[in-house]
Protein chains: 4
Amino acid sequence: MNFISDNTAGASSRVMAALAAANDGPASGYGSDDWTRRVEDRLSVLFEREVAAFLVATGTAANALALACLVKPWGAVITHEDSHIVEDECGAPEFFSNGAKLVDLPGTGGKLTPAAVTRALGYLNEGSFHNVQAQALSITQATECGTIYTAAEVRALAEAVAARRLAVHMDGSRFANAVATLGCTPAEITWKAGVDVLCFGGTKNGAWAVEAVIFFDPARAEEMKWRRKRAGQTLSKGRFLGAQFEALLADDHWLDLARHANAQARRLAEAAGSGGRSRLAWPSQANEVFLILPATTQDRLAAAGVRYHAWPDRSLASDNALREGEIIGRFVMSFATDPGEVERLIATIAG
Amino acid sequence: MNFISDNTAGASSRVMAALAAANDGPASGYGSDDWTRRVEDRLSVLFEREVAAFLVATGTAANALALACLVKPWGAVITHEDSHIVEDECGAPEFFSNGAKLVDLPGTGGKLTPAAVTRALGYLNEGSFHNVQAQALSITQATECGTIYTAAEVRALAEAVAARRLAVHMDGSRFANAVATLGCTPAEITWKAGVDVLCFGGTKNGAWAVEAVIFFDPARAEEMKWRRKRAGQTLSKGRFLGAQFEALLADDHWLDLARHANAQARRLAEAAGSGGRSRLAWPSQANEVFLILPATTQDRLAAAGVRYHAWPDRSLASDNALREGEIIGRFVMSFATDPGEVERLIATIAG
Amino acid sequence: MNFISDNTAGASSRVMAALAAANDGPASGYGSDDWTRRVEDRLSVLFEREVAAFLVATGTAANALALACLVKPWGAVITHEDSHIVEDECGAPEFFSNGAKLVDLPGTGGKLTPAAVTRALGYLNEGSFHNVQAQALSITQATECGTIYTAAEVRALAEAVAARRLAVHMDGSRFANAVATLGCTPAEITWKAGVDVLCFGGTKNGAWAVEAVIFFDPARAEEMKWRRKRAGQTLSKGRFLGAQFEALLADDHWLDLARHANAQARRLAEAAGSGGRSRLAWPSQANEVFLILPATTQDRLAAAGVRYHAWPDRSLASDNALREGEIIGRFVMSFATDPGEVERLIATIAG
Amino acid sequence: MNFISDNTAGASSRVMAALAAANDGPASGYGSDDWTRRVEDRLSVLFEREVAAFLVATGTAANALALACLVKPWGAVITHEDSHIVEDECGAPEFFSNGAKLVDLPGTGGKLTPAAVTRALGYLNEGSFHNVQAQALSITQATECGTIYTAAEVRALAEAVAARRLAVHMDGSRFANAVATLGCTPAEITWKAGVDVLCFGGTKNGAWAVEAVIFFDPARAEEMKWRRKRAGQTLSKGRFLGAQFEALLADDHWLDLARHANAQARRLAEAAGSGGRSRLAWPSQANEVFLILPATTQDRLAAAGVRYHAWPDRSLASDNALREGEIIGRFVMSFATDPGEVERLIATIAG
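Residues numbered from 1 in each chain as written. Chains lettered and ligands numbered in written order. Predicted model: local features only at pLDDT ≥ 70, side-chain atom pairs only at ≥ 80, totals over all residues. Heavy atoms only, no water.

1. Here's the deal with the overall build of chain A
A count of helical and extended segments in chain A gives 13 helices and 11 strands. Here the C-alpha radius of gyration of chain A, 20 Å, is about what a compact globule of 351 residues would show, namely 20 Å. Projected onto its principal axes, the C-alpha positions of chain A cover 55 × 55 × 30 Å. Relative to its full complement of 351 residues, chain A shows a buried share of 67%. Contacts in chain A between residues at least 24 apart in sequence constitute 77% of all its contacts with a sequence separation of at least 6. The averaged location of the 40 negative side-chain charges in chain A is 2 Å from the averaged location of its 34 positive side-chain charges. (Helix = DSSP H or I, 4+ residues; strand = E, 2+ residues; numbered from the N terminus. Rg over C-alpha atoms; globule rule 2.2 N^0.38 Å. Buried < 20%, exposed > 50% of the residue type's maximum accessible area, 1.4 Å probe, protein only. Contact = heavy atoms within 4.5 Å. Lys, Arg positive; Asp, Glu negative; His and termini not counted. Charge placed at Lys NZ, Arg CZ, Asp CG, Glu CD.)

2. Quick look at the domain arrangement of chain A
All names here are of chain A. When its domains are assigned, chain A resolves into domain 1 (12-253) and domain 2 (257-350). Between the C-alpha centres of domain 1 and domain 2 there is a distance of 27 Å. Each partner contributes to the interface: domain 1 provides 25 residues, whereas domain 2 provides 21 residues. The junction of domain 1 with domain 2 conceals about 1,900 Å² of combined surface from both sides, 48% of it contributed by carbon and sulfur atoms. Together, C145, R174 and N177 form the three largest contributors to the area buried by domain 1 at its contact with domain 2, with a combined 23%. (Domains from an automatic or database assignment. Buried area = accessible area lost by both parts, 1.4 Å probe.)

3. Some details on the pairing of strand β2 (residues 75-80) of chain B
A regular strand carries its side chains on alternate faces of the sheet. All names here are of chain B. The buried fraction of β2 amounts to six of the six residues, a majority that puts the element mostly inside the structure. Here β2 shows no split at all, with G75, V77 and T79 on one side and A76, I78 and H80 on the other all buried. As paired elements, β2 and strand β4 (residues 133-140) share four bridges and run parallel to each other. Paired with V77 across the two strands is A136, which belongs to β4. In terms of strand pairing, β2 meets strand β3 (residues 101-105) through five bridges, oriented parallel. In the sheet register, V77 faces β3, and the bridge partner there is L102. (Pairing = 2+ DSSP bridges.)

4. Concerning the interface of chain D and chain A
Listed as interface residues are 19 residues of chain D and, on the opposing side, 19 residues of chain A. Area buried by chain D at its contact with chain A is led by D:W74, D:F129 and D:W226, which between them contribute 40% of it. Counting across the chain D and chain A interface gives two salt bridges. The partner of D:K72 in a salt bridge is A:E223, with the nearest N and O atoms 2.5 Å apart. The greatest single-element share of the side of chain D that touches chain A, amounting to five residues, is contributed by helix α10 (residues 224-230) of chain D. (Salt bridge = Lys/Arg side-chain N within 4 Å of Asp/Glu carboxyl O.)

5. Digging into the sheet that holds strand β11 (residues 327-332) of chain B
Residue and element names in this part refer to chain B. Pairing is antiparallel in the open sheet, where four strands are placed in the order β8-β9-β11-β10. In this open sheet, the two edge strands, each paired with only one partner strand, are β8 (279-280) and β10 (309-311). Against the sheet, helix α11 (residues 253-272) contacts β8, β9 (288-293) and β11, and its axis sits at roughly 20° relative to β9. Of the strands in this sheet, β9 and β11 are in contact with helix α12 (residues 295-303), which crosses β9 at around 120°. (Axes fitted to C-alpha atoms, helices over the stretch in contact; angles between N-to-C directions.)

6. Brief notes about the side chain of D:S44
All names here are of chain D. Inspection of the secondary structure puts S44 in helix α2 (residues 34-46). Judged by its relative accessible area of 14%, S44 is buried. Apart from residues lying up to four places away in sequence, S44 is in contact with R49, E50 and V51.

7. Overview of the sheet that holds strand β11 (residues 327-332) of chain A
Residue and element names in this part refer to chain A. Read from one edge of the open sheet, four strands run β8-β9-β11-β10, paired in antiparallel fashion. Edge positions in the sheet fall to β8 (279-280) and β10 (309-311), since each has one partner strand and no second. When β10 meets β11, the two strands line up antiparallel, connected through three bridges. Across the sheet, residue W311 finds its bridge partner in β11, namely I328. Relative to strand β9 (residues 288-293), helix α11 (residues 253-272) is tilted by about 20°, and along the sheet it contacts β8, β9 and β11. With respect to the sheet, helix α12 (residues 295-303) is in contact with β9 and β11, its orientation differing from that of β9 by roughly 125°.

8. Here's the deal with the relation of the copies chain C and chain D
What relates the pair of chain copies is a rotation about an axis plus a shift along that axis. It takes a turn of 180° to lay chain C on chain D, together with a shift of 0.0 Å along the axis; the resulting RMSD is 0.0 Å. In the structure described here, the two chain copies are related by an operation that fits a two-fold rotation axis. When C-alpha positions in chain C are compared against the rotation axis, the closest is assigned to C:A231, at 3.5 Å. The overlap is high: 100% of the interface residues of chain C also sit at the interface in chain D, so the same surface is used on both sides. (Least-squares fit on C-alpha atoms with pLDDT ≥ 70 in both.)

9. Re the interface of chain C and chain D
Listed by partner, the interface residues are 48 residues for chain C and 48 residues for chain D. Carbon and sulfur atoms supply 57% of the area that chain C and chain D bury against each other, a total of about 3,900 Å² over both sides. When residues of chain C are sorted by the area they lose upon contact with chain D, C:F95, C:R230 and C:K237 head the list and together hold 22% of the total. Our enumeration of links across chain C and chain D arrives at zero salt bridges. Between the two partners, chain C and chain D, sit 27 residue pairs in polar contact (both at pLDDT 80 or more). Mapped onto the side of chain C that touches chain D, the elements with two or more residues apiece are α1 (13-21), α3 (59-70), α5 (92-96), α9 (224-230) and α10 (239-249) of chain C. Here the side of chain C that touches chain D takes four residues from α5(C), the largest share from any one element. The residue makeup of the side of chain C that touches chain D, split by class, is 22 nonpolar, 17 polar and nine charged. (Polar contact = N/O pair within 3.5 Å; in protein donor to acceptor, adjacent residues only side chain to side chain. Nonpolar A, V, L, I, M, F, W, Y, C, P; charged D, E, K, R; others polar.)

10. Things to note about the packing of aromatic side chains
For the structure shown, the criterion picks out 64 aromatic pairs over all chains. One cation-aromatic arrangement involves A:R49 over A:W191; the distance from NZ or CZ to the ring centre is 4.6 Å. Just above the ring of A:Y123 sits the side chain of C:R314; from NZ or CZ to the centre is 4.1 Å. (Phe/Tyr/Trp six-rings, centres within 6.5 Å; stacked < 30°, edge-to-face > 60°. Lys NZ or Arg CZ within 6 Å of the ring centre and 35° of its normal.)

11. Some thoughts on the environment of A:N2
In this structure, A:N2 sits in the segment before α1 (13-21). Sequence separation of A:N2 and A:L157 is 155 residues, and the distance between their C-alpha atoms is 36 Å. Beyond its immediate stretch of four places on either side in the chain, A:N2 contacts A:T8, A:R307, A:E341 and B:P26. A distance of 3.0 Å separates a polar side-chain atom of A:N2 from the backbone nitrogen of A:I4.

12. Focus: the packing of helix α2 (residues 34-46) of chain C against α10(C)
Residues and elements named next belong to chain C. At a closest axis distance of 8 Å, the pairing of α2 and α10 adopts a crossing angle of 35°. Here α2 runs over α10; the crossing is left-handed. Along its contact with α2, which presents W35, T36, R38, V39, R42, L43 and L46, the element α10 presents R239, G242, A243, F245, E246 and L249. Residues that form the contact of α2 with α10 fall into these classes: seven nonpolar, two polar and four charged. (Left-handed = near helix turned anticlockwise from the far one by under 90°.)

13. Some points on the packing of α1(C) against α10(C)
The packing of two helices is summarised by the inter-axis angle and the distance between the axes. All names here are of chain C. Close contact between α1 and α10 brings their axes to 8 Å; oriented N to C, the two are set at 140°. Taken together, α1 and α10 sit at an angle that is classed as oblique. In this structure, α1 crosses over α10, and the sense of that crossing is right-handed. Within the contact between the two elements, α1 uses R14, V15, A18 and L19 and α10 uses F240, A243, Q244, A247 and L248. (Parallel < 35°, antiparallel > 145°, perpendicular 65-115°, else oblique.)

14. Quick notes on the relation of the copies chain D and chain A
Note on the copies: chain D fits chain A at an RMSD of 0.0 Å, the axial shift is 0.0 Å, and the rotation between them is 180°. The residues that chain D uses at the interface reappear at the interface of chain A in 100% of cases, marking a shared surface.

15. Comments concerning α1(A)
Those residues of α1(A) that sit buried are A:V15, A:M16 and A:L19. All buried residues of α1(A) fall inside an arc of 100° around its axis, so they share one side. Seen from the buried face of α1(A), the exposed residues on the opposite side, beyond 90 degrees, are A:S13 and A:A21. If you follow the buried residues of α1(A), they end up packed against α10 (239-249) of chain A together with α1 (13-21) of chain B. (Arc of directions from axis to C-beta.)

16. Observations concerning the side chain of C:Q244
Residue and element names in this part refer to chain C. Looking at the secondary structure, you find Q244 in helix α10. Note on Q244: relative accessible area 0%, which makes it buried. Those residues in contact with Q244, other than ones at most four positions away along the chain, are V15, L19, A207, W208, A209 and V210.

Set out below in C-alpha cells:
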C-alpha cells in the first residue's frame with residue numbers, strides 16, 4: 001500500500017490516449033504547436049478572461065518562473081513556512097529570481113492569515129534601499145497540510161497586501177483538488193479573489209509532466225518566454241505538454257480525476273479520524289489526509305507495509321499537539337488510488 | 001514538406017509503447033524509479049565504465065547543468081561561435097553557472113581546431129584573479145553544421161586543453177547521429193578520446209523529451225542532484241524519463257533511428273549537392289544537410305511549400321562563400337522522415 | 001545631537017595621519033601593497049594563528065563575500081531575524097552566494113540560542129536534494145541589539161551545529177566593541193570558541209571604509225580572491241585599505257576607539273535606564289543603547305533635535321513588552337562621540 | 001621606474017586635503033551627505049543636463065552596476081575583446097547582471113567600428129526567445145590601447161545600434177584623459193554623441209577610490225540604488241566618496257591632473273616611437289603608451305629595473321604586426337608621474 005504521494009501514479013488513460021493521438025506527423029516546436037495553442041485558448045475560456053499561459057514540465061519550474069516574473073532580485077516573497085517553495089524546491093525560487101528572499105511565516109494547517117501577513121509587512125520597510133522589498137505573496141491551494149482557502153480567505157489575504165501592491169501567486173499543484181472541494185469556478189478562487197498568477201498543476205492530477213503558469217494580466221508575462229527558455233523549460237516537442245493539458249481540460253477530466261482522489265481522502269479521514277487509533281492533524285479538505293499516529297498504529301502500518309511520509313508538526317494547532325510517541329503521517333490519494341486499498345488502510349489503522 | 005528540425009517529429013512507436021507499458025501501478029518519484037535505475041545501469045554498460053547519469057527533459061537543461069558542474073561562476077567555457085550553447089539557449093549556461101563566460105571561437109563547418117583553442121587559451125591568464133578562468137571546453141557532436149568530429153579530432157582538442165586541466169564537455173543532442181556515421185563505440189568517441197561529460201540526446205532521436213547527462217568520472221557529478229532539482233528538472237514522475245531512454249537503448253533502437261535519419265540526409269546531400277541548383281555548405285555527415293541555395297532554387301522551394309531554416313554563414317570555408325542572392329538552407333532529417341518526401345524535395349530543388 | 005549611527009563620524013586622526021603617510025610614491029595595486037601585507041601579518045599575530053585575511057570597503061561586502069565562500073547556492077545560513085545580513089543589506093548575501101537562503105530565527109536581545117538553532121536544524125533535512133542544505137551559522141558580535149555573546153555562548157552555538165558541520169560566521173562590524181567589553185583576546189572569542197570566519201569591522205570604529213574578512217582556516221578562502229574581484233571589491237589602490245587597518249591595529253588603537261564608544265554607551269545606559277523617563281530594551285553591552293521611550297520622552301527628544309533610530313520590537317523579552325505609545329529608540333556611540341553631548345542627551349531624557 | 005599602471009599612485013594633495021576637511025563632525029550616511037549631494041549637483045552642471053549620479057569605490061563595480069541597469073539577464077552587451085569588462089573584471093558584468101553575455105569584437109587599437117558592430121548585430125536575432133538579446137553597446141574612452149574615440153566616432157557607433165534600441169555605455173575610467181586630449185566638453189563626447197550611461201573615473205586620476213556612474217536619463221537609474229546597496233558598494237561614510245569627487249571637480253582639478261599625465265605620455269610617445277629602438281603599437285592619445293619592443297630594448301629596460309606590463313597583440317593593425325622576439329609594452333602615466341623619470345625611461349629605451 002503506497003500513499004507516499006500523488007506523483008507515484010502514472011498518467012490517466014485519457015492522457016495516454018491523447019499523447020498517442022498527438023504523435024503523428026510533424027508539428028511546430030517550442031510551444032508553437034496546435035495543441036498548446038488550443039490549451040491557451042481553453043484556459044482563457046475556463047478562467048473567463050484573456051490569460052497568458054505557459055506550459056512547463058514541473059511544478060518547481062512553474063513556481064520559480066512565476067515568482068521570477070513577479071519580483072526583483074531584491075524582492076521578498078511572503079509565504080508559509082511549510083510551503084513547497086520553501087521546503088521542497090531546493091531553493092529554486094531563489095535561483096530563478098537571482099536571489100529574492102522568501103519570508104516564511106507560521107500558520108495553523110499550512111494557511112497564512114491576514115494578521116500574520118500584515119505583521120510581516122510591518123517589518124519590511126517599503127522603499128528603503130537597505131531592505132529587501134516585499135513584492136509578492138505566495139499561497140498554496142490546496143495547502144501542504146491538505147487544507148484549502150475559501151474565496152473569502154484568498155480575498156482577505158490579497159487585500160492585506162494590496163496597499164503595498166504585492167503580486168499574489170497561487171501555487172496550485174493541487175488546484176484541481178481544491179476546486180473540486182470548493183465547487184466554485186476557477187475564476188472565483190483565483191483572479192476574482194485577487195490572484196495574479198496561478199501555477200495550475202497537471203502532474204499530480206493524471207498527467208506525466210505538465211503545469212500551466214497562468215498570468216491573469218498578460219502584461220506581467222512579458223519576461224516569461226525568455227525566462228522559460230533560459231531555464232531549459234521550453235520543450236522542443238511542445239505538443240507533448242499541450243496534448244497532456246488538453247486531455248485534462250477536455251470534458252472536465254481534471255475535475256473528475258481530482259474528485260476521485262478527494263473522495264478517497266474523505267473516506268480515510270472520516271474513518272480514521274475517530275476511534276482513538278489515529279486522529280486528524282488538520283481537516284482533510286482535498287486529497288491528502290494527515291493523521292496523528294500513536295506508536296501502536298505506526299507499528300501496525302509498518303507491519304502491513306503501508307508507505308507514507310512523516311510530516312513536520314509546525315503547523316499543528318496548539319490544542320492538538322503531538323503527545324509522546326506520536327508522529328504525523330501523510331497519506332496522499334491520487335486519480336489512480338484504488339478504493340479497496342483505502343479500505344485496507346482503514347482496517348490496518350483500526351487494528 | 002517540413003525539414004525545419006528533427007524535433008518536429010513525435011516519439012517513435014517503441015518509445016510510445018514503452019511509456020504505455022510503464023504506466024501501470026505506483027512507482028517511486030524523482031528519479032528513484034526502476035526504469036531510471038535500469039537506464040543508469042545500461043549506460044554504464046554501453047560506455048564500458050561506471051558512469052553517473054542524470055536524466056532531464058531538455059537539451060538546454062542538460063548542457064547548462066553539465067557546464068554548471070564543471071566551471072565556477074568566474075569560469076570560462078571555450079566553444080564554437082555557432083554552438084547551441086552560444087546561439088540557441090537564451091543564455092542558459094550563463095544562468096545555470098551563475099555567470100560563467102562562453103568564449104566563442106570561429107571554425108569552418110562548426111568545428112573547433114586545436115590551434116584556435118590554443119590561441120584562445122593564450123589570452124586567458126591562468127591563476128590571475130583579474131581574469132575569468134578557462135575551465136571547460138565544449139564541443140558539439142554532431143556539430144551545428146552537420147559535420148562530425150573523428151575520435152582523433154576529439155582527442156587532439158582534449159590534448160590542447162589538458163595542460164590547463166579544462167574539463168571537456170560534449171553537447172551530444174545528435175550524438176546518436178554521429179555514432180551512427182562513425183561506426184565507433186560510444187566509449188571511443190567520448191571518454192576514451194578525452195571527454196569528461198556527455199549530454200546524450202534522446203529528444204531529437206525519437207523520444208518526447210529526455211536527455212542523459214553522463215559524467216564519466218562520477219566525482220564530477222557531486223553537485224548535480226542539487227542543481228537539477230533547483231532547476232526544476234527533477235521530474236516527479238521520473239519513470240516517464242526512464243522509460244523513454246530505456247526504449248531508446250533497447251536493441252540499439254537509438255542507433256536504428258539515427259541511421260534512418262542519416263540515410264535520408266545522405267540521399268539529399270548526394271542528390272542536391274551537385275548539378276548547380278544547390279551546393280553543400282559543408283559535408284553532410286549526420287542527419288542535417290546545409291545547402292547553399294541560389295535565388296531561383298529558393299523560389300522553387302517556397303512555391304512547393306518546403307519548410308527549412310536559413311542559416312548563418314559564419315562557418316563557411318573562405319573558398320565556398322555565398323554569392324549574390326544565395327543563402328544557406330538547413331534541411332534536417334529525423335527518425336520519422338519519409339524517404340518519399342526526400343525524393344520530392346530533391347525533385348523540387350532540381351526544378 | 002546625532003545618535004543615529006556609529007557611521008556618522010569620519011575617520012580617527014590616527015587613521016587620517018596613516019593615509020597621509022601612505023600617500024607618497026608608487027605602490028603595487030590590488031592588495032599586493034606593503035600596507036596590506038603588513039596587516040595580513042599583524043592579523044595572524046593578533047589572532048594567534050595563521051589566517052587568510054581580505055580587506056574590503058564595506059561590511060555588507062565583507063559579510064556577503066564571507067558567506068558566499070561558506071555555502072553553496074543551495075545552502076542555508078541560520079541566523080537571527082534582526083541580523084544585519086537579514087535586515088540591512090538588501091539581499092547582498094543572497095546575491096553574492098547566488099541564491100542561498102537565510103533562515104531567520106527569533107531570539108531575545110538579538111541573540112541566538114542553541115535550542116533555537118537545534119530546532120531549526122531539525123526542519124532542514126540533511127542530504128535530501130529536495131531541501132536547501134544548512135551549511136553556515138551566522139552570529140553578530142556585538143549584536144544588532146547592543147548585546148554580546150560570551151565565549152561560552154559562542155562555543156555552545158558552534159557545538160550545536162558541529163554535528164551537521166556548519167561553518168560559523170561572525171559578523172563583527174562591532175567586533176572591537178565586543179572585545180573591549182569582554183576583555184578577552186580576539187582568539188578566545190573567535191576560533192577558540194568555534195568561529196571559522198570573522199568579518200572584523202573597521203568602518204564603524206574610526207576608519208573611512210575598511211573591513212577585514214578573516215578565515216581562520218586559510219583553505220576556506222580558496223575562492224575569495226575571485227569572488228572579491230568579481231564583486232568590484234578589490235580596490236586598485238589597495239594601500240588605502242591597508243593603511244587604514246594598519247592604523248587601527250597599531251598600539252591597540254582599535255580597542256581604544258571602541259572603549260571610548262562603549263564608555264559613552266555605558267554612561268547613557270546607567271543614567272537613562274532608570275527613573276521612569278525611559279528604560280532599557282536590552283542590556284547595553286557595547287556601544288549602543290536601546291531605550292524604551294514613552295511618548296513624553298519622545299516629545300522632549302524631538303524638541304531638542306536629538307536624532308536616533310526607532311527600532312523593531314521583535315527581540316524584546318516577553319516581560320519587557322512595549323506599552324501604549326512607547327517605541328524603542330536606538331542611540332549609538334562612536335569613537336568621536338563627545339561625552340558632553342551624552343550628558344545633554346541624558347538631561348533631555350530626564351526632562 | 002614604475003610604469004605599471006595609473007593606479008600605483010596615491011591621491012592628489014587636493015584630494016587628501018578635501019578628505020581632511022571633510023573629516024569633522026557628524027554626517028548622514030549612505031550617500032545622503034552634503035558632499036555627495038554637491039557632487040550630484042555639480043555633475044548636472046558639468047554635463048549640462050539633469051543627471052542621476054551614483055558614487056562607488058571601484059571601476060569594476062561602476063561598470064558592472066551600470067550594465068546591470070541596462071540589460072536583462074538574457075541581454076547581450078556588444079563590446080571590444082580587449083575591453084576592461086571582458087578582460088580585467090573577472091566576470092563582474094556577468095555577476096552583477098545575473099548572467100548577461102558580453103559579445104567581444106575585434107578592432108584595431110582597441111576601438112569598435114560601426115561595421116563590426118552592425119555585423120555582430122546581424123547574428124543576434126531580435127525578439128527570438130532562443131537567443132540572447134542585444135541590449136547594450138559598451139565602449140571605452142580612452143580605450144585599453146590608449147586611443148580615443150572622437151565625438152563623431154561615438155555618434156557613428158550610437159547610430160549603428162539605434163535601430164535596435166541598444167543603450168550605450170561608456171567605460172570612462174580614463175574619461176578625464178580623453179576629454180583632456182579632445183578639448184571638447186564632457187557633454188559633447190557623451191550624451192550629445194549618444195551615450196546613455198558614463199562611468200566617470202576618479203581613482204586612476206588622483207583619487208583614492210571613487211567613480212561616478214552617471215545616467216543621462218535618470219529614468220534608467222531606477223534600479224541603481226537597490227543594486228548598489230546589494231552589491232556592498234553603498235559606503236556608509238558616503239562623504240568619503242563625495243569629498244574625493246568634489247575635490248576632483250573643483251577648479252577643473254580633474255582636467256589638470258589628466259593633462260599632466262597625458263603630457264608625459266605624449267613626451268614618451270614622441271621620443272620613443274621613432275629611432276628603431278621601439279615603435280608605437282597604436283597612437284598614444286591619452287595617458288598610456290604602447291611600445292613594440294625588440295628583445296634588446298626589453299633587455300635594457302629589465303636591466304634598468306623599469307616596470308611595465310606586457311600587452312596582448314590582438315588589436316595591432318595587420319601592417320604593424322609583431323616581429324620575432326618583439327612584445328608590446330604598456331607604459332602608463334599618472335597625475336603623479338615625474339617628468340624626470342620619463343626622461344630616464346626615454347634614455348633607457350634609446351640605449
